[in-house]
Amino acid sequence: MEREKRNDMSFSRKRSFTFGAYGGVDRFTCGDETRPETAEENLLDTLDSPAGDRKPFLPASSNQRDTELFEIIEKLQGSRIDEQRCEFPLPLKSQLLTIGADLPLILPPNLGGYWVDPPLQRLVDVSPTSSHYGFGPESYDIMERDGEAKIYHKFFRSRYHHSFTAGDPVLGPLVLSVCLEEEESKLRVILRMKDCSLHGAFSVSLFPNIPSAVELAKMLCDRVTVSKFEVVSYLKAPELITTFDEHRVSPNFKFGVLYQKDRQFTEEDILSNNQESEEFKELLSILGETVQLQGFTRFRGGLDVCHGQTGSEAVFTSFHGREIMFHVATKLPFTDVDPQQLQRKRHIGNDIVALVYQEGQTPFLSDVIKSHFLHCFLVVRRIKRAEDTSETAYQLSVTAREDVPPFGPVLPDPPIFTDRALLREFLLTKLINAEISCYKAQQFSRLELRTRSSLLESLHAELCTRSQCMIGDPSIASLPSSEGARVMSEGSGGFIENFKRAIRVRSHSFETLGVPRKIGGSASQRPKTEKDGEGDRSPGPPPADSLGPSEIKDKASPQEET
């Protein structure tokens, strides 16, 4: 019996080392070989046991030492197995799959990190025939990405005004604009800093004399420490300043569309669907129209419109002055030998918001799609309005990462739509607001701050250089147009696209100083041209060397950037 127990322990030890050890050296021997237990280990085992089970510390016989050694191994091995044990997600449990009642559209992960709207407890009495408590389409307001981005264009460019620059030792580069509105006796001021822009309007009656630029800057921000601002005399300065102020504003959006069939729980299953049901096609027709990508001239959302490398069709629509391209998983290229379908995921995995259409009763797991960029999912399920009729309705639910603030429009109670036009208005508004709200999440807000800092440094340097050229400084009068001027003149395209442009500015600056660029391996790099990324807002990731190994596969290919 002693030998059989020892063999059982040996088998258990070998199995754990194969399937879950942490890669370290196995300290314990297996099989019939044992090592003598030291007195220190025996003492530690005695101290770790409950008080009532402790035995006097006496020299043990050889058989006792063997028995206690395997007890120690069993304790240690048991704790290691518990550490490696994971709970299956709720919908994978067989008891949930046998429930006859309707399952929720979304289930949050066991570890949390996501919020779900409506909460699961509110779905108990959801019925397609219930009365609606919600707001009408007149309340479907689209959020503004930056409410003050167009103040300069609205109040300054049509009036005589002045701009100033300064380099604060604490705040960094500052760009100040001042405008006198004589008809309203107001001084309107905008102070641009690395972290934000401050705007204020002051009555002229508050000042016995027109205040200086330093005084106006300190009225908006008491952290300003500079004692002097330089006047901007460059004639095209308003164009550069407008471009910087509106660099976060973009009329273009792109969203992923996933097709989830019944009993599909994994990312691989969902991305491997090729056939589109008539019900799924009907939902796509609500979202927009199917267009041919070859020769498509409007917003393409990073899809290839020349060589057909991203499929032949896509879904596109215009909505309240905005252009929207949908990355429909079933219309993107399918690869038989690739279970992860990276040709599809490199587009959908780099979107920020995705819509999921469910066929069946299988819930969608909030974290089933692994991506650093996807932060929000809108899930739609087609249901029957009543058992005695063929009329259908659509049930909705929303999930997002916990650092994404809530956004409108508010889901009706119950969250069910029967009118196609109303459903389209709600879905498109909700998708746009979801992306704008996701930009406030921690990951995107850090990236956005870095982008703004780089663009402000470029603007400040360009204004200073061009102003000195205007006053005839002979040392810089012959300088060619800088990379910063080109970047600022390219226009806005979303903050991630501007982030990539800012990185190009920094690389250009190093080349100007004679610092060689690092090139990984022997692969050659295509030189950037002025048309790279032009006219397209592509929320793709930063360069691959700044991503983790799991996300390099999601990085958009060069075709997206051309």
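These numbers come from a predicted model, not from an experiment. (Residues numbered from 1 in each chain as written. Predicted model: local features only at pLDDT ≥ 70, side-chain atom pairs only at ≥ 80, totals over all residues. Heavy atoms only, no water.)

K.L.:
I keep staring at the sheet that holds strand 6 (residues 197-203) and nothing clicks. Help me out?
P.N.:
Pairing is antiparallel across the open sheet formed by five strands, whose spatial order is 6-5-4-3-7. At either margin of the open sheet sits one strand with a lone partner, and together these are strand 6 and strand 7 (230-231). By the bridge criterion, seven bridges tie strand 5 (residues 186-192) to strand 6 in an arrangement that is antiparallel. Within strand 6, the position partnered with Leu 191 by the bridge is Leu 198. Packed on one face of the sheet, helix 12 (residues 442-470) meets strand 3 (161-168), strand 4 (172-181), strand 5, strand 6 and strand 7 and runs near 70° to strand 4. (Pairing = 2+ DSSP bridges. Helix = DSSP H or I, 4+ residues; strand = E, 2+ residues; numbered from the N terminus. Contact = heavy atoms within 4.5 Å. Axes fitted to C-alpha atoms, helices over the stretch in contact; angles between N-to-C directions.)

K.L.:
Whenever I open this one, unusual backbone geometry confuses me. Can you help?
P.N.:
Glycine aside, a negative phi is what most residues show, and trans is what most peptide bonds show. Residue Gly 408 is joined to Pro 409 through a cis peptide bond whose omega torsion reads -5°. Considering the arrangement of structural elements, one finds Pro 409 in the loop between strand 15 (392-401) and strand 16 (416-417). Despite not being glycine, Ser 185 has its phi angle at roughly 50°, a positive value. Here Ser 185 shows up in the loop between strand 4 and strand 5. Among the residues examined, Ser 185 registers a relative accessible area of 40% and is labelled partly exposed. A positive phi is found at His 320, a non-glycine position, where the angle reads about 50°. With respect to the helices and strands, His 320 occurs in the loop between strand 10 (313-319) and strand 11 (322-328). (Buried < 20%, exposed > 50% of the residue type's maximum accessible area, 1.4 Å probe, protein only.)

K.L.:
What am I meant to see in the environment of Ile 151 here?
P.N.:
Inspection of the secondary structure puts Ile 151 in helix 5 (residues 151-156). Judged by relative accessible area, which is 12%, Ile 151 ranks as buried. Spatially, the C-alpha atom of Ile 151 lies 10.0 Å from that of Arg 188, the residues being 37 residues apart in sequence. What Ile 151 contacts, discounting residues up to four positions off in sequence, is Phe 156, Ile 190 and His 199.

K.L.:
I would appreciate a short explanation of the packing of aromatic side chains in the present structure.
P.N.:
How two aromatic rings sit relative to each other is given by the distance of their centres and the angle of their planes. Counted under the stated rule, the structure contains 14 aromatic pairs. Through pairs of rings, three or more aromatic residues link up here, namely Tyr 140, Phe 417 and Phe 426. Over the ring of Phe 155 we find Arg 188, and its NZ or CZ is 3.9 Å from the ring centre. Over the aromatic face of Tyr 152 sits the side chain of Arg 192, whose NZ or CZ is 5.2 Å from the ring centroid. (Phe/Tyr/Trp six-rings, centres within 6.5 Å; stacked < 30°, edge-to-face > 60°. Lys NZ or Arg CZ within 6 Å of the ring centre and 35° of its normal.)

K.L.:
In this structure, what is going on with the nonpolar core? I would like to understand it.
P.N.:
When a protein is soluble and globular, its nonpolar side chains tend to lie buried together. With 44 residues, the main nonpolar core has Phe 326, Val 353, Cys 376, Leu 396 and Leu 427 as its most contacted residues. Those elements that provide at least two residues to this core are strand 8 (252-260), helix 9 (278-287), strand 10, strand 11, strand 12 (353-358), strand 14 (376-384), strand 15 and helix 11 (420-438). A total of nine residues in this core trace back to one element, the largest contributor, which is helix 11. Counting residues in hydrophobic clusters, the runner-up holds 28 residues, among them Val 291, Val 305, Ile 348 and Leu 374. (Core = buried A, V, L, I, M, F, W, Y, C linked by side-chain atoms within 4.5 Å.)

K.L.:
Before we go on, may I ask you to explain the pattern of salt bridges in this structure?
P.N.:
If charged atoms from side chains of opposite charge come close, those side chains can pair. Using the criterion set out here, one finds 20 salt bridges in the structure. The residue Glu 230 makes a salt bridge to Lys 228 at a minimum N-O spacing of 3.7 Å. A relative accessible area of 44% places Glu 230 in the partly exposed class. The exposure class assigned to Lys 228 is exposed, which follows from its relative accessible area of 57%. The shortest N-O distance in the salt bridge between Glu 267 and Lys 345 comes to 3.2 Å. Of this pair, Glu 267 sits in helix 8 (residues 267-271) while Lys 345 sits in helix 10 (residues 342-348), placing them 78 residues apart in sequence. For the residue pair Glu 267 and Lys 345, the accessibility class agrees, reading buried in each case. A single network of salt bridges, built from pairs that share partners, joins Arg 145, Asp 146, Arg 248 and Glu 448. (Salt bridge = Lys/Arg side-chain N within 4 Å of Asp/Glu carboxyl O.)

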